[in-house]
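Remarks on the overall topology
Chain by chain, the residues run as shown.
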Amino acid sequence: MKLKGIALLTLFYSLIAAADSPLVVTEPWIREAPPGAGVLAAYMVISNRGTDTATIGTIESPDFKRIEVHRTLVEEGVARMVPVEALQIAAAGQVALEPGGMHLMLYHPKRPLREGDSVTLELQQSDAACIRVNVPVVRMTADDTADHHHHHH
Amino acid sequence: MTTQRTPSKLRLALLFAVTTVLAVAAGYWTSGYLLKGQAGLQDLQATHFNAARALQPFELLDHTGKAFTNNELRGHWSFIFFGYTHCPDVCPTTLSVLNSVATRLREQAGQTRYIFISVDPERDTPDKLGQFVSYFNTDFIGVTGTTEAIGQLTRQLGVIAARVEDGADAENYLVDHTASILLIDPDGHFHALFSPPLKAANIVSDFTRIAEAY
């Protein structure tokens with residue numbers, strides 16, 4: 001997976017944590033979509049540095065009408081997207097949202113989003129703080145997307 | 001008589017033995033020769049059909065609004081992926097893989113085509129499909145049509161497309177669909193299937209061997 005320089009730097013240095021939340025988001029990115037796309041996908045790694053399981057209830061953004069967590073499942077050659085009702089991250093664990101796996105479904109962008117743009121996502125942890133994540137829009141250019149995280153660690 | 005019969009019997013037996021050996025050897029040699037192309041395809045990652053399957057006539061529309069029928073699948077190899085533009089994860093990933101395949105096979109550009117057929121004709125107008133496929137590669141062809149015509153094609157190809165309603169938002173239904181890439185040969189016959197995980201390098205090497213054996 002080749003990412004352009006600036007986007008790559010943004011990925012590496014976007015380590016966002018709210019002071020009162022045990023959750024840390026790294027490598028967030030939104031896949032740049034073809035013009036006019038009604039749904040985009042966002043990916044990231046969410047780590048829980050706390051001692052309890054963390055649950056993300058809702059995710060919102062001023063730039064999208066609605067956001068859901070989905071998981072892509074390929075079973076017997078058929079791809080399905082299954083909504084994930086509550087995204088849970090075990091104590092001292094992490095969850096990777098990545099192409100072909102779990103991802104955020106960003107419905108109805110309110111403005112055109114191109115590579116170089118960035119979007120604020122608000123992850124609302126149940127009974128806890130809201131984490132604000134600044135997520136860059138990145139254009140994918142190659143095919144080995146499943147190895148995305150491994151290549152850049 | 002007896003002295004003559006024995007050698008003649010022996011000669012017959014010898015002749016029989018030699019003929020048998022020759023026949024077996026000839027058969028072995030011939031089958032090896034005939035199966036050479038097929039034998040080389042045994043360790044493909046792709047599913048290669050022993051007998052390519054002819055397709056029933058179908059009539060769809062390409063993203064420029066022109067008719068897209070069986071004729072458009074003849075005279076070149078076609079890589080076909082079924083998906084929809086409201087699919088933000090699997091479809092863009094697969095079209096990126098196909099773009100990488102096209103780049104690697106650019107020297108055979110005249111002999112290969114890349115076709116994205118919508119399993120969501122209700123939302124995927126030719127215009128919308130055109131924008132979607134051109135984003136990945138301006139040579140890619142988007143194809144849509146009536147729900148019936150697409151259903152008729154998916155059924156004969158064994159492609160699954162199932163709409164999943166979204167209770168919260170009727171406009172945002174999902175469509176479960178086959179995640180494999182289909183390969184149609186220059187006769188317009190369904191020839192092979194590339195299944196996930198899809199890697200451009202594997203697809204290109206399998207395709208090259210399939211095309212050589214064709």
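Calculation notes
Residues numbered from 1 in each chain as written. Chains lettered and ligands numbered in written order. Predicted model: local features only at pLDDT ≥ 70, side-chain atom pairs only at ≥ 80, totals over all residues. Heavy atoms only, no water. Core = buried A, V, L, I, M, F, W, Y, C linked by side-chain atoms within 4.5 Å. Buried < 20%, exposed > 50% of the residue type's maximum accessible area, 1.4 Å probe, protein only. Helix = DSSP H or I, 4+ residues; strand = E, 2+ residues; numbered from the N terminus. Contact = heavy atoms within 4.5 Å. Polar contact = N/O pair within 3.5 Å; in protein donor to acceptor, adjacent residues only side chain to side chain. Pairing = 2+ DSSP bridges. Axes fitted to C-alpha atoms, helices over the stretch in contact; angles between N-to-C directions.

Some thoughts on the nonpolar core
Considering soluble globular proteins, one finds that nonpolar side chains tend to be buried as a cluster. Ranked by internal contacts, the top residues of the largest apolar core, which has 65 residues, are Phe79(B), Phe82(B), Val101(B) and Phe194(B). For this core, the element with the highest residue contribution is helix H3 (residues 90–104) of chain B, accounting for seven residues. When residues no more than four places from it in sequence are discounted, the contact partners of Val101(B) are Phe79(B), Tyr114(B), Ala200(B), Ile203(B) and Val204(B). If you look at the next biggest cluster of nonpolar residues, it comprises 31 residues, including Ile30(A), Ile89(A), Leu123(A) and Val137(A).

Section: the side chain of Glu32(A)
Residue and element names in this part refer to chain A. With respect to the helices, strands and loops of the structure, Glu32 is situated in the loop between strand E2 (23–31) and strand E3 (39–48). For Glu32, a relative accessible area of 6% puts it in the buried group. A polar atom in the side chain of Glu32 sits 3.2 Å from the side chain of Arg139.

Digging into the sheet that holds strand E9 (residues 181–184) of chain B
All names here are of chain B. Spatially, eight strands are ordered E1-E10-E9-E4-E5-E6-E2-E3 in an open sheet, and the strand pairing comes out mixed. Unpaired on one side and paired on the other, strand E1 (47–53) and strand E3 (67–69) mark the two borders of the sheet. Each neighbouring strand pair of the sheet contributes to a mean axis angle of 30 degrees, computed without reference to strand direction. Pairing of E1 with strand E10 (residues 190–194), which is carried by three bridges, proceeds in the antiparallel orientation. For Thr47, the partnering residue across the bridge sits in E10 and is Leu193. Contacts from helix H5 (residues 147–157) reach strand E2 (59–62), strand E4 (77–83), strand E5 (112–118), strand E6 (141–144), E9 and E10 within the one sheet, and its direction differs from that of E2 by about 110 degrees.

Without other data, these values stay purely geometric and don't point to any function.
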